[in-house]
Amino acid sequence: DIQMTQSPSTLSASVGDRVTITCRASQRISSWLAWYQQKPGKAPKLLIFQASTLESGVPSRFSGSGSGTEFTLTISSLQPDDFATYYCQQYNSYSESFGPGTKVEIK
Amino acid sequence: QVQLVESGGGVVQPGRSLRISCAVSGFTFNTYAMHWVRQAPGKGLEWVGVIAYDGSSRFYADSVKGRFTISRDNAKNTLYLQMDSLRTEDTAVYYCARGLPYESSGYLTLWGQGTLVTVSS
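Description of the structure in this document. (Residues numbered from 1 in each chain as written. Chains lettered and ligands numbered in written order. Predicted model: local features only at pLDDT ≥ 70, side-chain atom pairs only at ≥ 80, totals over all residues. Heavy atoms only, no water.)

**Thoughts on the nonpolar core**
Residue and element names in this part refer to chain B.
Then, number 1: Counting 26 residues, the largest nonpolar core has Ile20, Trp36, Phe68, Leu79, Leu81, Met83 and Tyr94 as its most contacted members.
Then, number 2: Within the residue set of this core, elements represented by two or more residues are β3 (18–25), β4 (32–39), β5 (45–51), β7 (68–73), β8 (78–83), β9 (92–101) and β11 (115–119).
Then, number 3: Broken down by element, this core gets its largest block of residues, four residues, from β3. (Core = buried A, V, L, I, M, F, W, Y, C linked by side-chain atoms within 4.5 Å. Buried < 20%, exposed > 50% of the residue type's maximum accessible area, 1.4 Å probe, protein only. Helix = DSSP H or I, 4+ residues; strand = E, 2+ residues; numbered from the N terminus.)

Printed below as a string of structure tokens:
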């Protein structure tokens, strides 16, 4: 099975900051990676798929990059609505898996 | 309106069974793979399994393989998760989620609100 890791586990930032979250896969997954945002008590929301394609309706301050085993999610200018937990997910195989999550907190 | 609504969660004793459901509306259910994802209290997301758009194939996480069964009724636009031999570590919010058209492996485009399953004596 493919294992996913994320760093950092927690990130403290201020409104307007540029934020980068890293996701690594234990084996190559091409660009079969998605990013989700989850707020407390709510279901996750798809942000990005195929490593860098923005889901419809998601603000352009979110971007994704990477391929193979290393990927990044970047928020170019953090907004109050962006404080949440972010998860990566690989879908390279028929045994999909999520990263452990990165919580973005207010500094 | 596109909607996924889970139901059937509750408290169940270890070793017992429970079936939860996900009623779907607003899209052509029988063309999409459907997934179950769970989240233990205060923890991250864990993929549980997927069923093909036509029910012809199913894949499961190792943690539930042999105990959980995913099924669907395309005539009723409903997805099911049969959970047998439940363990305390199965306690979680269970989400159903829409995958991709005609493809069993993929990202999850829509999610339900979740239903809480608590396994406790």
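There is more to say, and it comes next.
**What to know about unusual backbone geometry**
Then, number 1: Of note, the bond from A:Ser7 into A:Pro8 is cis; its omega dihedral lies within 30 degrees of zero at -5 degrees.
Then, number 2: Positive phi, close to 55 degrees, is recorded for A:Ser30, a residue that is not glycine.
Then, number 3: Relative to the helices and strands, A:Ser30 resides in the loop between β3 (19–25) and β4 (33–38).
Then, number 4: In the Ramachandran plot, B:Ser85 falls in the positive-phi region, its phi being about 50 degrees despite a non-glycine side chain.
Then, number 5: Looking at the secondary structure, you find B:Ser85 in the loop between β8 and β9.

**Let's talk about the interface of chain B and chain A**
Then, number 1: Contact with chain B, which involves 20 residues of that partner, is made by 18 residues of chain A.
Then, number 2: Interface area, chain B with chain A, both sides summed: about 1700 Å², of which 60% is carbon and sulfur.
Then, number 3: For the chain B face of the interface with chain A, the top three residues by lost area are B:Leu45, B:Trp47 and B:Tyr107, together amounting to 38%.
Then, number 4: The interface formed by chain B and chain A contains eleven residue pairs in polar contact (both at pLDDT 80 or more).
Then, number 5: The set of elements that each furnish at least two residues to the side of chain B that touches chain A consists of β4 and β5 of chain B.
Then, number 6: Class assignment of the residues belonging to the side of chain B that touches chain A gives a composition of eight nonpolar, eight polar and four charged. (Contact = heavy atoms within 4.5 Å. Buried area = accessible area lost by both parts, 1.4 Å probe. Polar contact = N/O pair within 3.5 Å; in protein donor to acceptor, adjacent residues only side chain to side chain. Nonpolar A, V, L, I, M, F, W, Y, C, P; charged D, E, K, R; others polar.)

**Some thoughts on the packing of aromatic side chains**
Any pair of aromatic rings gets described here by the distance separating the centres and the angle formed by the planes.
Then, number 1: Here the structure, examined in full by the defined rule, presents eleven aromatic pairs over all chains.
Then, number 2: With centroids separated by 6.3 Å and ring planes inclined at 40 degrees, the aromatic side chains of A:Phe62 and A:Tyr86 adopt a geometry described as tilted. Note that A:Phe62 is positioned in strand β7 (residues 62–67) and A:Tyr86 in strand β9 (residues 85–90), a separation of 24 residues in sequence. Each member of the pair, A:Phe62 as well as A:Tyr86, carries the same accessibility label: buried.
Then, number 3: Ring centres of B:Phe27 and B:Tyr32 lie 5.3 Å apart, and the angle between their planes is 80 degrees; this geometry places the pair in the edge-to-face category. Each member of the pair, B:Phe27 as well as B:Tyr32, carries the same accessibility label: buried.
Then, number 4: Taken together, the ring pairs in this structure connect A:Trp32, A:Phe49, A:Tyr91 and B:Tyr107 into an aromatic cluster.
Then, number 5: The residue whose ring lies beneath B:Arg98 is B:Tyr32, and the NZ or CZ to ring-centre distance is 4.3 Å. (Phe/Tyr/Trp six-rings, centres within 6.5 Å; stacked < 30°, edge-to-face > 60°. Lys NZ or Arg CZ within 6 Å of the ring centre and 35° of its normal.)

Fair warning: the whole summary comes from geometry, so function is off the table for now.
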